[in-house]
Amino acid sequence: MIAHLCCSVDAGYFLKRLKEEYPNEKIIGFFYDPNIHPYSEFKLRSLDTKRICEKLGIEYVEGDYNYEAWLKAVKGKENEPEKGSRCSVCFDFSLEEAARFAKEKGDNKVTTSLLMSPMKSHEQLEAIGKVIKRKYGVDFIAVDYRKKGGTQAQQEYAKQNQMYRQDYCGCIYGIWQQKSEQEIIDELISPFPFQILPASIEEKLSFYENRLKLENEGINYKIVKENFLNYRLLKSLITSKKKPIFHYTLFYSLLDRPQRVRIETQKDGIGYANRAQIIFIKISKINELLNKTYKNIKEIYQKPLKLDEELIIREKITNTKYSLSPIIVLEEFEEIRYDIDIDAKIYPDNKEILIKF
Ligand code: SF4
């Protein structure tokens with residue numbers, strides 16, 4: 001039997017029950033979810049689903065990330081609500097692929113862990129099951145393990161196994177609808193240059209990879225959450241007489257409105273603006289403080305600083321990691337007026353940390 005899998009929380013308990021109900025069946029877990037945005041989230045959900053399959057002794061296959069084909073399939077349905085027609089197409093897309101995969105493997109049964117999710121309609125899934133039976137000749141096994149306390153047992157199982165819990169269904173359109181209250185929707189931001197930002201999907205992916213290493217080494221651990229102040233730079237534009245100035249803006253730089261400033265005081269590669277607590281730092285000073293060899297700003301974008309390194313610079317210049325003064329890296333200082341426009345957000349956030357025993 002091919003069990004299409006959507007995420008570890010839905011797959012874990014579902015597969016456990018499926019194995020109990022079908023003890024003689026060889027079950028293959030098929031993670032096919034090109035609907036998931038962004039790709040790093042797809043990899044993260046796949047990583048944790050694979051881990052659960054391995055715990056249950058179930059073969060795991062990660063399907064292709066056919067993102068563009070999925071986008072084409074749901075075209076015109078972008079604004080549909082959850083459980084609406086976009087979701088029907090989305091289920092069709094995944095379950096048809098699962099049915100094709102079953103045919104390829106010579107199997108004649110297909111099911112899906114989507115049946116476990118309280119956010120998904122059983123009726124919709126069963127209707128799609130009838131279509132794939134007609135089209136591909138494979139039976140759709142519409143088990144309902146949510147009944148009789150199943151949902152509660154599923155949550156307990158997910159907690160016991162410290163599974164990764166996403167907070168949106170998966171697609172880019174669902175994120176808008178499901179996270180509209182959030183100040184920053186991280187899944188819609190890709191930092192430039194590529195840097196692993198706090199509480200980003202990339203950080204979570206690396207966190208769960210580390211957790212897997214601990215498990216493989218037999219080290220006991222507990223995942224707990226901590227609150228912290230997060231930051232995202234949305235725009236940083238510096239011009240002089242309307243000509244752009246190549247620069248790099250450090251983490252935690254905050255400016256409430258655009259400013260026209262000049263460098264009033266400078267010492268040892270650090271310049272202080274005449275207003276708005278803006279600090280400039282020469283690239284040569286970055287090299288000196290961090291033992292780097294950047295020749296120009298372009299190289300910082302090509303070989304980005306680590307976040308910790310940016311905080312070290314901030315601490316060395318302002319005596320605290322938590323100052324919010326804009327710190328801007330330039331190649332050289334000039335006797336000109338700089339027009340500075342920074343759009344950034346500081347907001348309370350939380351992230352998971354590992355406690356090892
Ligand atoms: S909300 Fe979920 S089920 Fe609906 S289209 Fe998006 S990913 Fe698919």
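From a predicted model like this one, the values you see are computed outputs, not experimental measurements. (Residues numbered from 1 in each chain as written. Predicted model: local features only at pLDDT ≥ 70, side-chain atom pairs only at ≥ 80, totals over all residues. Heavy atoms only, no water.)

Peer 1: Quick one: what's the story with the pattern of salt bridges, residue by residue and with numbers?
Peer 2: Summed over all chains, the structure comprises 26 salt bridges. In this structure, the salt-bridge partner of Glu-54 is Lys-50, at a minimum N-O distance of 3.6 Å. Of this pair, Glu-54 and Lys-50 both sit in helix H2 (residues 39-56), four residues apart, which is roughly one turn of the helix. You can call Lys-50 partly exposed: its relative accessible area is 37%. The partner of Lys-179 in a salt bridge is Glu-187, and the shortest N-O contact between them spans 2.9 Å. Residue classification places Glu-187 among the buried positions, given a relative accessible area of 5%. (Salt bridge = Lys/Arg side-chain N within 4 Å of Asp/Glu carboxyl O. Helix = DSSP H or I, 4+ residues; strand = E, 2+ residues; numbered from the N terminus. Buried < 20%, exposed > 50% of the residue type's maximum accessible area, 1.4 Å probe, protein only.)

Peer 1: How would you explain unusual backbone geometry if you had to name every residue and give the values?
Peer 2: As a rule of thumb, non-glycine residues mostly have phi less than zero, and peptide bonds are mostly trans rather than cis. In the segment running from His-37 into Pro-38, the intervening peptide bond is cis, with an omega of -5°. Following the sequence through the fold, Pro-38 ends up in the loop between strand E2 (28-31) and H2. Phi is positive for Lys-83, close to 75°, though the residue is something other than glycine. Within the secondary structure, Lys-83 is located in the loop between helix H3 (67-73) and helix H4 (85-105). Under the relative-accessibility criterion, Lys-83 is labelled partly exposed at 43%. One non-glycine residue, Gln-277, lies in the positive phi region at around 50°. Take Gln-277: it is sitting in the loop between strand E11 (270-273) and strand E12 (279-282).

Peer 1: So, helix H6 (residues 150-160): which residues are in play, and what are the values?
Peer 2: Among the residues making up H6, those that are buried are Gly-150, Gln-154, Tyr-157 and Ala-158. Relative to the axis of H6, the buried residues are bounded by an arc of 100° and lie together on one face. The outward face of H6, more than 90 degrees from its buried face, is lined by the exposed residues Gln-152, Lys-159 and Gln-160. Taken together, the buried residues of H6 touch helix H1 (8-21) and H2. (Arc of directions from axis to C-beta. Contact = heavy atoms within 4.5 Å.)

Peer 1: Now, about the domain arrangement of the protein: what can you tell me, with residues and values included?
Peer 2: Interfaces are frequently sized by the accessible area removed from exposure as the parts join. By domain assignment, the protein separates into domain 1 (2-180) and domain 2 (229-356). Summarising the inter-unit geometry, the C-alpha centres of domain 1 and domain 2 are found 44 Å apart. (Domains from an automatic or database assignment.)

Peer 1: Please set out the packing of H2 against helix H8 (residues 201-216) residue by residue, giving values where relevant.
Peer 2: Where H2 contacts H8, the axes come no closer than 8 Å and their chain directions differ by 20°. Considering the angle they form, H2 stands roughly parallel to H8. Every pair of crossing elements has a handedness; the one defined by H2 and H8 is left-handed. Residue-level contacts link Ser-40, Glu-41, Lys-43, Leu-44, Leu-47, Asp-48, Arg-51 and Lys-55 of H2 to Ile-201, Glu-202, Lys-204, Leu-205, Tyr-208, Glu-209, Arg-211, Leu-212 and Glu-215 of H8. In terms of residue class, the contact of H2 with H8 is made up of six nonpolar, one polar and 10 charged. (Axes fitted to C-alpha atoms, helices over the stretch in contact; angles between N-to-C directions. Parallel < 35°, antiparallel > 145°, perpendicular 65-115°, else oblique. Left-handed = near helix turned anticlockwise from the far one by under 90°. Nonpolar A, V, L, I, M, F, W, Y, C, P; charged D, E, K, R; others polar.)

Peer 1: Hey, could you go over a positive patch on the surface for me, with residue numbers and the actual values?
Peer 2: A surface patch of positive charge is lined by Arg-257, Arg-262, Arg-275 and Arg-337. If you trace the backbone, Arg-257 turns up in the loop between strand E8 (248-249) and strand E9 (259-261). (Patch = residues over 30% accessible without salt bridge, like charges linked within 9 Å, V, L, I, M, F, W, Y side chains within 5 Å. Areas by Shrake-Rupley, 256 points an atom, 1.4 Å probe, with all protein chains shown as cover. Lys, Arg positive; Asp, Glu negative; His and termini not counted. Charge placed at Lys NZ, Arg CZ, Asp CG, Glu CD.)

Peer 1: How would you summarise the site of the ligand if you had to cite specific residues and measurements?
Peer 2: The environment of the ligand is made up of Asn-35, Trp-70, Arg-86, Cys-87, Cys-90, Phe-91, Cys-169 and Cys-171. Sort the elements by how many residues they give to the shell around the ligand and H4 lands first, with four residues. When its residues are assigned to classes, the shell around the ligand shows six nonpolar, one polar and one charged. (Near = heavy atom within 4 Å.)

Peer 1: Now, about the packing of aromatic side chains: what can you tell me, with residues and values included?
Peer 2: Under the counting rule described, the total for this entry stands at 19 aromatic pairs. Note on Phe-280 and Tyr-338: the rings are 5.1 Å apart at their centroids and 35° apart in plane angle, and the pair reads as tilted. Residue Phe-280 is found in strand E12, and its partner Tyr-338 is found in strand E14 (residues 338-356); the two are separated by 58 residues along the sequence. Side by side, Phe-280 and Tyr-338 carry an identical accessibility label, which is buried. Sitting above the plane of the Tyr-168 ring, Arg-45 keeps its charged end 4.9 Å from the centroid. For the cation-ring pair, Lys-351 lies above Phe-228, with the distance from its terminal atom to the ring centre recorded as 5.2 Å. (Phe/Tyr/Trp six-rings, centres within 6.5 Å; stacked < 30°, edge-to-face > 60°. Lys NZ or Arg CZ within 6 Å of the ring centre and 35° of its normal.)

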